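# An overview of the molecular structure
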Amino acid sequence: MRLDKFLSQQLEISRAIAARELRAKKVTVNGEVVREGSFKLLPEHEVEYEGNLLQMQSGPRYFMLNKPQGYVCSTDDPDHPTILYFIEEPMAWKLHAAGRLDIDTTGLVLMTDDGQWSHRITSPRHHCDKTYRVTLESPIADDVAAQFTAGIQLHGEKNLTKPAVLEIVTPHEVLLTISEGRYHQVKRMFAAAGNHVVALHREAIGSIALDAELAPGEYRPLTDEEIASIGLPDEIKQLK
């Protein structure tokens, strides 16, 4: 990669401004001042800007975030703060949420710049389970678990929801595991069953559970085992 392109991405500045910073002798490569934007960077090069090391990205990245209320999962929103506010990584703007949460829903968000990997989570074809802790306004009725297993008719939808697993924790709190991602699905399922969701918190995606050590707004890289648990889409596997 050219040095000026690398600086532009890392510092989120234009190529013209990167060239100006290079001419001002603010950039070193392996301790030596470099002023030419055309300089070709290699993986072993260490680039510093004003004495601060800039990390060269190599390969896709995978993180889990404990999303607090009040933030949207898009990378750019003119009206609301986004989850990128919490991500202190080089070129964080290249990351996206693999399965979004509503602005008022909290909990596990997986972030990556690997489109094939996130497709495995979000594509309806692959039925990746998501588990939510749901706080309800009214006590849960005895027959709701059976209704969710059979499938719920959502307002305005043609097909029933796919079978879901409901575990009652208390009369007002349940764990719900679904394999779809319809619009506001969890809230609409309970509304169809005559109840109202007061709070919604995602605890797991597939076998990846939210790290109990992460406070709201904190994140960490996924482990190799967590990354591998999602796998690749079937159509990608067939090409390998």
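Since the structure is predicted, the reported quantities are computational estimates derived from the model, not experimental observations.

## Let's talk about the environment of Thr 149
By the secondary structure assignment, Thr 149 is in helix α4 (residues 144-150). Here the alpha-carbon distance between Thr 149 and Leu 166, two residues 17 residues apart in the chain, equals 7.9 Å. Once you skip the residues sitting within four places of it in the chain, Thr 149 turns out to touch Pro 163 and Ala 164.

## A closer look at the environment of Phe 63
Positionally, Phe 63 belongs in strand β5 (residues 62-67). On the basis of relative accessible area, Phe 63 is assigned to the buried category, the value being 5%. The spatial distance from the C-alpha of Phe 63 to the C-alpha of Ala 97 is 9.5 Å, given a sequence separation of 34 residues. Look past the residues within four positions of Phe 63 in its chain and what remains in contact with it is Glu 89, Leu 95, Val 109, Leu 110, Met 111, Tyr 219, Arg 220, Pro 221 and Leu 222.

## Quick notes on the sheet that holds strand β1 (residues 27-29)
One open sheet accounts for 4 strands, arranged β2-β1-β3-β4; its pairing is antiparallel. Each end of this open sheet is capped by a strand with a single partner; those strands are β2 (32-33) and β4 (52-54). Across 2 bridges, β1 lies against β2 in antiparallel orientation. Note on β2: the bridge partner recorded for Thr 28 is Val 33.

## Describing unusual backbone geometry
For Lys 25, which is not glycine, the phi torsion reads 60° and is therefore positive. With respect to the element layout, Lys 25 can be found in the loop between α2 (15-23) and β1. Residue Lys 25 is classed as exposed on the basis of its relative accessible area of 54%. For Asn 30, which is not glycine, the phi torsion reads 55° and is therefore positive. Relative to the helices and strands, Asn 30 is located in the loop between β1 and β2. Since its relative accessible area comes to 47%, Asn 30 is described here as partly exposed.

Reading the values: rules and limits
Residues numbered from 1 in each chain as written. Predicted model: local features only at pLDDT ≥ 70, side-chain atom pairs only at ≥ 80, totals over all residues. Heavy atoms only, no water. Helix = DSSP H or I, 4+ residues; strand = E, 2+ residues; numbered from the N terminus. Contact = heavy atoms within 4.5 Å. Buried < 20%, exposed > 50% of the residue type's maximum accessible area, 1.4 Å probe, protein only. Pairing = 2+ DSSP bridges.

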